[in-house]
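# Architecture at a glance
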Amino acid sequence: MIPRRRIPLEFADFLEWIRAPFLAARAAADVAAFEREFGERFQVPHAIAVASGRDALGLIVDGLGLTAGDEVVIPAYTLGELLPFLQGRGLTLVPADVDRDSFNVTADSVRRACSPRTRAILVVHLLGAPCDIVGILAIAEQLGIPLIEDCAHAPGAEVAGRPLGSFGRAALFSLEVNKALMAFGGGILATHDDTLAAQARAAVARRPRREWPAMKKMALKWIEELGVRSPLYGPLARYLFSDRRAGSFDRLYRKANNRVRSHFAFSGFQARLARRRLARLDDRQARLSELWSQTVAVLPAALRVQRRQQFGTPAFYNLVVRFDGDVRSLRQRALAAGIDLGIGDEVMSDCAALLGRPDCPVSADVFAHAVLLPVYDGLPESARRRLLARLDALLQGSAAEVAA
Ligand SMILES: *Cc1c(COP(=O)(O)O)cnc(C)c1O
């Protein structure tokens, strides 16, 4: 089975794990060093390491003074788990529809979603593809409201030579396991707003710092990963991702992940992992760029890759394609052929539908047709060839079915 994603098992992480209990006294200095390097790399004066990407978003929302009843425009197609989190603060969320090809919000759709009650705009650079950040920033400035950038997928992406995350009033980054700068959880609040930064710092300073939660998460994730790499994973995936069970398994898995999500201050262990990955970010980008271009060039025509370069240089997160046939049946046949594809909420969610808003038809359409391909850093060349050959065979099968 070619799994959908892979958690890197790096010896250097293991060494940090062993050393961590002895270096607890250095934690504050290591976190400060990471924040400084992150700020330099992403051209923001304030980078604050926090518990998770969503924690950064919460601190931004609070720091901007958004409170119950305020209206915030959000992307119709993004991580669904952000919704309850924002709704928990009493905000009224208004989805802006997305573009069919880039899956991102557009300046037009954002303008249409704005009203006199709008207090902030949240955009995401989805799957590393820059959205029209310059056009959307102009709208926010015209309305005199802050723009928040969700850069969870975007480290390494640029617009006009400037890293994403430095355009809006504030940005959130994620250091979660499946993200580019993973530190077994954590997030960054990046901003050039001194007041917002001071407020977030004060909130974070009140939290206790603990080394163990991220270390425990690494231990659990490594066990999970050994399972994914074992021969048992194939039959297990066929069972768990079958049509009947996939949705409930996805929810269960997210719940389990939420249990190991830290609410403590960012730890020294995490800071050292994140610094090492920050130093190698550009190498990783280059590797993925190569892997993607080799893959995309020979992908079956029925799989249309997300449009990524319209507004700048993209970063590499997940390779998502659009398949205009039945994605559930494609996924089932792929599983039988030993390929683990992601569909539906496993890719991203139709947040407009989750909010009960029927006015974002493109988001619904993208949601119904998006397919996540298992193309990740470390995918062996032999597996890549196998993946492409099997996809070819599957899609010829489906063309034949349609013809028959
Ligand atoms: C991962 C992610 C986040 C932040 O996630 P955390 O798990 O809270 O670190 C935010 N937005 C999107 C689109 C994401 O994929």
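Residues numbered from 1 in each chain as written. Predicted model: local features only at pLDDT ≥ 70, side-chain atom pairs only at ≥ 80, totals over all residues. Heavy atoms only, no water.

### Some details on the sheet that holds strand 6 (residues 147-150)
Ordered by their spatial adjacency, seven strands build an open sheet running 1-10-9-6-5-2-4, and the pairing between neighbours is mixed. Either end of the sheet is taken by a strand with one partner, and the two such strands are strand 1 (46-50) and strand 4 (92-96). Across the sheet, the axes of successive neighbouring strands diverge by a mean angle of 20 degrees, strand direction being ignored. Pairing analysis gives five bridges linking strand 1 to strand 10 (residues 187-191), with the strands arranged antiparallel. If you follow His46 over to strand 10, its bridge partner there is Thr191. Relative to the sheet, helix 3 (residues 53-63) contacts strand 1, strand 5 (118-124), strand 6, strand 9 (170-174) and strand 10, its axis offset from that of strand 9 by approximately 165 degrees. (Pairing = 2+ DSSP bridges. Helix = DSSP H or I, 4+ residues; strand = E, 2+ residues; numbered from the N terminus. Axes fitted to C-alpha atoms, helices over the stretch in contact; angles between N-to-C directions. Contact = heavy atoms within 4.5 Å.)

### Here's the deal with the packing of helix 1 (residues 11-19) against helix 8 (residues 212-228)
Between helix 1 and helix 8, the least distance of the axes is 11 Å, while the angle of their chain directions is 140 degrees. In this view, helix 1 runs oblique relative to helix 8, as classed from their interaxial angle. Between helix 1 and helix 8 the crossing geometry is left-handed. Note on element contacts: helix 8 touches helix 1 through Trp212, Met215, Met218, Ala219 and Trp222, opposite Asp13, Phe14 and Trp17. Along the lines of polarity and charge, the residues of the contact of helix 1 with helix 8 split into seven nonpolar, no polar and one charged. (Parallel < 35°, antiparallel > 145°, perpendicular 65-115°, else oblique. Left-handed = near helix turned anticlockwise from the far one by under 90°. Nonpolar A, V, L, I, M, F, W, Y, C, P; charged D, E, K, R; others polar.)

### Describing the sheet that holds strand 15 (residues 370-373)
One key point about sheets: their strands pair by backbone hydrogen bonds, in either a parallel or an antiparallel sense. If you walk across this open sheet you meet the four strands as 11-12-15-13, and the pairing is antiparallel. For this open sheet the edge positions go to strand 11 (303-305) and strand 13 (342-343), each flanked by a neighbour on one side alone.

### A few points about the pattern of salt bridges
One pass over the structure, following the stated rule, counts 38 salt bridges. When the shortest N-O distance is used, the salt bridge between Asp55 and Arg207 registers 2.7 Å. With a gap of 152 residues between them, Asp55 in helix 3 and Arg207 in the loop between helix 7 (194-205) and helix 8 connect regions that are remote in the sequence. For Arg284, the salt bridge goes to Asp377, with nearest N and O atoms at 4.0 Å. Of this pair, Arg284 sits in helix 12 (residues 281-297) while Asp377 sits in the loop between strand 15 and helix 16 (381-403), and the two are 93 residues apart along the sequence. Each of Arg100, Asp101, Arg304, Arg322, Asp324 and Asp365 takes part in a single network of salt bridges with overlapping partners. (Salt bridge = Lys/Arg side-chain N within 4 Å of Asp/Glu carboxyl O.)

### Quick word on the site of the ligand
In the vicinity of the ligand there are 14 residues, among which Arg54, Asp150, His153, Ser174 and Lys179 approach most closely. In this structure, Arg54 approaches the ligand through a side-chain N or O atom, which is 2.6 Å from an oxygen atom. Compared with its free state, where it exposes 390 Å², the ligand has 97% of that area covered by protein. Of the residues that constitute the shell around the ligand, the class distribution is four nonpolar, five polar and five charged. (Near = heavy atom within 4 Å. Polar contact = N/O pair within 3.5 Å; in protein donor to acceptor, adjacent residues only side chain to side chain. Areas by Shrake-Rupley, 256 points an atom, 1.4 Å probe, with all protein chains shown as cover.)

### So, a nonpolar patch on the surface
Taken together, the side chains of Phe11, Phe14, Leu15 and Ile18 define a hydrophobic patch exposed on the protein surface, amounting to about 390 Å² of accessible area. Overall, Ile18 belongs to the partly exposed group, its relative accessible area being 42%. (Patch = residues over 30% accessible without salt bridge, like charges linked within 9 Å, V, L, I, M, F, W, Y side chains within 5 Å. Buried < 20%, exposed > 50% of the residue type's maximum accessible area, 1.4 Å probe, protein only.)

### With respect to the side chain of Gln306
Residue placement: Gln306 occurs in the loop between strand 11 and strand 12 (319-323). From its side chain, Gln306 meets the backbone oxygen of Ser102 in a polar contact 3.0 Å long. Separated by 3.1 Å, the side chain of Gln306 and the backbone oxygen of Leu126 make a polar contact.

### Considering unusual backbone geometry
One non-glycine residue, Phe103, lies in positive phi territory at about 65 degrees. Mapped onto the secondary structure, Phe103 falls in the loop between strand 4 and helix 5 (107-113). By relative accessible area, which is 2% here, Phe103 ends up buried.

### Some details on the environment of Leu319
Of note, Leu319 is situated in strand 12. For Leu319, a relative accessible area of 1% gives the class buried. Separated by 13 residues in the primary sequence, Leu319 and Gln306 have C-alpha atoms spaced 7.9 Å apart. Apart from the residues lying within four places of it in its own chain, the contact partners of Leu319 are Trp292, Thr295, Val296, Val305, Val371, Leu372, Leu373 and Val375.

### Focus: helix 2 (residues 27-42)
Taking 1.5 Å of rise per residue, 16 residues should cover 22 Å, and helix 2 covers 22 Å from first to last C-alpha, within 8% of that figure. Every buried residue of helix 2 is listed here: Ala27, Asp30, Val31, Ala33, Phe34, Glu35, Phe38, Gly39 and Phe42. Where helix 2 terminates, the next one or two residues include Gln43, which has phi positive at roughly 55 degrees. (Expected span 1.5 Å × (residues − 1).)

### Here we look at the packing of aromatic side chains
On inspection of all chains with the given rule, the structure shows 12 aromatic pairs. Geometrically, the ring pair formed by Phe241 and Phe249 is edge-to-face, given 5.7 Å between the ring centres and 65 degrees between the ring planes. Take Phe241: its relative accessible area is 7%, and that puts it in the buried class. By relative accessible area, Phe249 is classed as partly exposed at 22%. Ring pairing ties together the aromatic residues Phe34, Phe38, Phe42, Phe173 and Phe266, which thus form one cluster. Cation over ring: Arg4 sits above Phe241, and NZ or CZ is 4.6 Å from the ring centre. When the ring centre of Phe167 is taken as reference, the NZ or CZ atom of Arg162 above it lies at 4.0 Å. (Phe/Tyr/Trp six-rings, centres within 6.5 Å; stacked < 30°, edge-to-face > 60°. Lys NZ or Arg CZ within 6 Å of the ring centre and 35° of its normal.)

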